[in-house]
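Residue strings, one per chain:
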Amino acid sequence: MNFITRLSALCLRKSKMQHRHQSNRRPTAPLGSRILTDPSKVFEHNMWDHMQWSQEEEESAKKKAAENSLVKVQWEDQDKYEREASKYWNEFYKTHKNNFFKDRNWLFLEFPEILPEEKRQELRREERSSEHRKINSTNSFSHKNEMFDEGEKYWKKNYRGGSTAVQGCVYNKNKAETISENPQGKNCGEELDRLESFPGSDATYRILEVGCGAGNSVFPILEVLCNTPGTFLYCCDFASGAVELVKSHSSYNSAWCSAFVHDVCDDALPYPFPDEILDVILLVFVLSTIHPDRMQGVVNRLAKLLKPGGMLLFRDYGRYDTAQLRFKKGHCLSENFYVRGDGTRVYFFTKDEVWNMFNLAGLTEVQNLVDRRLQVNRKKKVKMQRVWIQSKFQKPLLSLHNLEETTKRHSYK
């Protein structure tokens with residue numbers, strides 16, 4: 001067994017051990033702090049955090065999911081939903097426009113990594129002094145400030161020098177310098193000349209939202225990043241109607257944002273920017289709309305877009321969420337994968353499935369939690385058990401490919 005094989009095995013074993021250790025830990029500061037201690041007060045708030053399911057509730061959920069999965073959608077219809085997926089989402093946005101989803105003002109509390117470190121510190125100061133604009137809206141989740149502390153500590157640890165190594169070049173603010181050893185054998189100067197032609201090429205901090213929809217994440221992000229030098233936001237959706245809604249919004253500004261139509265399942269379709277330039281990828285309630293057989297390929301491709309040290313932020317539906325249990329027979333496409341009445345599809349994840357996908361793509365777990373909440377309709381006195389998966393994965397600062405090349409060079413000396 002050679003050095004690289006042994007090192008790969010060691011890294012995989014360590015990653016799995018960390019995964020098991022973190023899987024056994026209870027969530028702390030993230031995901032809210034409103035705990036239901038008195039069941040008689042359940043209808044005093046719209047949402048309760050960190051709900052613990054009883055064994056009876058777990059078994060009941062499994063039984064309902066098994067029952068609504070007994071009758072599968074016919075194969076010819078399944079093929080139609082796959083081939084015409086963009087059509088169904090275009091019809092969705094044509095019908096609902098930007099009125100269906102609310103703006104995700106909770107993003108910066110759950111995912112402070114979206115923002116550059118300087119902006120996070122600025123918002124932190126505003127939060128402490130209770131001045132200026134507050135990020136939380138009246139319908140946002142309840143949180144504590146520890147989320148910002150956690151994000152700041154993590155970012156300082158991994159980005160202390162303010163620079164990121166990318167394909168043999170060092171990116172630091174607006175400067176790029178060729179380092180002495182270039183394992184790819186590329187001319188960094190020529191590469192940088194080519195990079196100047198794409199939108200956001202002058203930026204030093206770049207974000208991509210995949211599946212932007214009508215802009216419910218885009219515009220809260222732009223509002224916070226507005227007039228922040230060196231930042232740029234990309235956003236894409238494979239529904240052209242959704243992209244048009246974003247571009248026609250009064251807050252859309254091509255100087256800060258580039259919205260484009262893109263099918264993330266098409267590996268041959270190029271992005272309007274090079275690989276390994278993104279600091280953050282936002283993947284929120286998007287992967288669940290894709291056929292399970294194609295998910296790994298999508299994650300693999302997105303991982304290539306991240307800089308070494310870049311973050312992928314994920315939130316999506318969890319196994320046995322109320323939305324899954326409400327499906328009637330005849331809507332199940334395959335195990336835990338369903339089609340709604342409007343032709344759009346949805347998958348319900350476990351956190352182990354999420355971990356496996358991102359780990360296979362070469363990303364390292366920073367956070368991977370099951371978010372269980374009790375959502376209530378106080379007027380109708382209805383209780384709904386909500387389950388989501390929230391995760392953060394980082395691209396290693398030194399990829400295995402670069403490690404192999406470095407080892408080869410040293411072996412020749």
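For clarity, every value in this text was computed on a predicted model and none was experimentally measured.

K.L.:
Residue-level account of the pairing of strand β14 (residues 382–394), with values.
P.N.:
Counting buried positions along β14 yields ten of 13 residues, so the element is predominantly enclosed. Pairing between strand β13 (residues 364–377) and β14: 13 bridges, direction antiparallel. Pairing of Q375 across the sheet is with M384, part of β14. Hairpin geometry of β13 and β14 is characterised by an intervening segment of four residues between the two adjacent antiparallel strands and by a positive phi of about 60° at K381.

K.L.:
I'd love a proper account of the side chain of S391, names of residues and values included.
P.N.:
Considering the arrangement of structural elements, one finds S391 in strand β14. S391 sits in the buried class, given a relative accessible area of 0%. A distance of 2.6 Å separates polar atoms of two side chains, one belonging to S391 and the other to N368.

K.L.:
Go over the pattern of salt bridges, please, and point to the residues and values.
P.N.:
Tallied over the entire structure, the rule returns 14 salt bridges. In this structure, E84 and R83 form a salt bridge, with 4.0 Å as the shortest nitrogen-oxygen distance. R315 is the partner of D371 in a salt bridge, and the nearest nitrogen-oxygen pair spans 2.8 Å. Taken together, the residues span a long stretch of sequence, with D371 in strand β13 and R315 in strand β9 (residues 306–317) at a distance of 56 residues.

K.L.:
Can you explain the packing of aromatic side chains? Please cite residues and give values.
P.N.:
Inspection of every chain in the model, using the stated rule, returns 19 aromatic pairs. Aromatic side chains Y271 and F273 sit 5.6 Å apart centroid to centroid with 40° between the ring planes, which places their arrangement in the tilted category. Each of the two residues, Y271 as well as F273, counts as buried. Here a set of aromatic residues connected by ring pairs shows up, and it is made of F314, F337, Y347, F349, F358 and F393. Between the NZ or CZ atom of R372 and the centre of the ring of W53, over which it lies, the distance is 4.5 Å.

K.L.:
Residues and numbers for the sheet that holds strand β12 (residues 345–347), please.
P.N.:
Here we have three strands laid out as an open sheet, ordered β10-β11-β12, and antiparallel in their pairing. Unpaired on one side and paired on the other, β10 (332–334) and β12 mark the two borders of the sheet. Sheet twist, expressed as the average angle between the axes of neighbouring strands with direction ignored, equals 30°. In terms of strand pairing, strand β11 (residues 337–339) meets β12 through three bridges, oriented antiparallel. Looking at β12, one finds that Y338 is bridged to V346.

K.L.:
Lay out the nonpolar core in plain terms, naming residues and giving numbers.
P.N.:
The nonpolar side chains of a soluble globular protein tend to be buried with one another. In this structure, L208, F273 and L287 are the most contacted members of the largest nonpolar core, which totals 44 residues. Elements with a contribution of two residues or more to this core: β5 (205–210), β6 (231–237), β8 (278–284), α11 (292–305), β9, β11, α13 (351–360) and β14. Considering each element in turn, this core owes the most residues, six residues, to α11. L287 has contacts with M295, V298, V299, F314, D316, F349 and M357, leaving out every residue within four places of it along the chain.

K.L.:
Quick one: what's the story with unusual backbone geometry, residue by residue and with numbers?
P.N.:
Residue E276 is not a glycine yet carries a positive backbone phi of 60°. Note that E276 resides in the loop between β7 (257–261) and β8. A positive phi is found at N336, a non-glycine position, where the angle reads about 65°. Summarising the element assignment, N336 is placed in the loop between β10 and β11.

K.L.:
I'd like a description of the sheet that holds β7, backed by residues and values.
P.N.:
Taken in spatial order, the eight strands make up an open sheet running β1-β13-β14-β9-β8-β5-β6-β7, and their pairing is mixed. Only two strands of the sheet have a single partner each, and these edge strands are β1 (47–48) and β7. Pairing between β5 and β6: six bridges, direction parallel. In the sheet register, L208 faces β6, and the bridge partner there is Y234. Sheet strands in contact with α11 are β5, β8 and β9, and its direction is about 140° off that of β9.

K.L.:
Outline the pairing of β13, supporting the account with residue identities and numerical values.
P.N.:
Two elements, β1 and β13, share two bridges in a ladder whose sense is antiparallel. Bridging from a neighbouring strand, M47 pairs with Q375 of β13.

K.L.:
Help me get a handle on the state of the cysteines, residues and values and all.
P.N.:
Going through the model one piece at a time under the given rule, you end up with zero disulfides. The structure places no disulfide on C235, whose sulfur is separated from the nearest cysteine sulfur, that of C257, by 3.9 Å.

K.L.:
An account of the environment of G211 is requested, with residue identities and associated values reported.
P.N.:
By the secondary structure assignment, G211 is in the loop between β5 and α9 (218–225). Counting along the chain gives 28 residues from G211 to A239, while the straight-line C-alpha distance between them is 8.6 Å. Leaving out residues up to four positions away in the same chain, G211 has contacts with C236, D237 and V286.

K.L.:
Report on α11, specifying residues and quantitative values.
P.N.:
Where α11 is concerned, the buried positions are M295, V298, V299, R301, L302, A303 and L305. Buried residues belonging to α11 abut β5, β8, β9, β12 and α13.

K.L.:
Give me the lowdown on the side chain of R345, citing residues and values where you can.
P.N.:
Within the secondary structure, R345 sits in strand β12. A distance of 2.7 Å separates a polar atom in the side chain of R345 from a polar atom in the side chain of E82. Excluding residues within four positions of it along the chain, R345 makes contact with Y81, E82, A85, S288, T289, H291, L333, F337, Y338, V339 and R340.

Each value, and the rule that gives it
Residues numbered from 1 in each chain as written. Predicted model: local features only at pLDDT ≥ 70, side-chain atom pairs only at ≥ 80, totals over all residues. Heavy atoms only, no water. Buried < 20%, exposed > 50% of the residue type's maximum accessible area, 1.4 Å probe, protein only. Helix = DSSP H or I, 4+ residues; strand = E, 2+ residues; numbered from the N terminus. Pairing = 2+ DSSP bridges. Polar contact = N/O pair within 3.5 Å; in protein donor to acceptor, adjacent residues only side chain to side chain. Salt bridge = Lys/Arg side-chain N within 4 Å of Asp/Glu carboxyl O. Phe/Tyr/Trp six-rings, centres within 6.5 Å; stacked < 30°, edge-to-face > 60°. Lys NZ or Arg CZ within 6 Å of the ring centre and 35° of its normal. Axes fitted to C-alpha atoms, helices over the stretch in contact; angles between N-to-C directions. Core = buried A, V, L, I, M, F, W, Y, C linked by side-chain atoms within 4.5 Å. Contact = heavy atoms within 4.5 Å. Disulfide = S-S within 2.5 Å.

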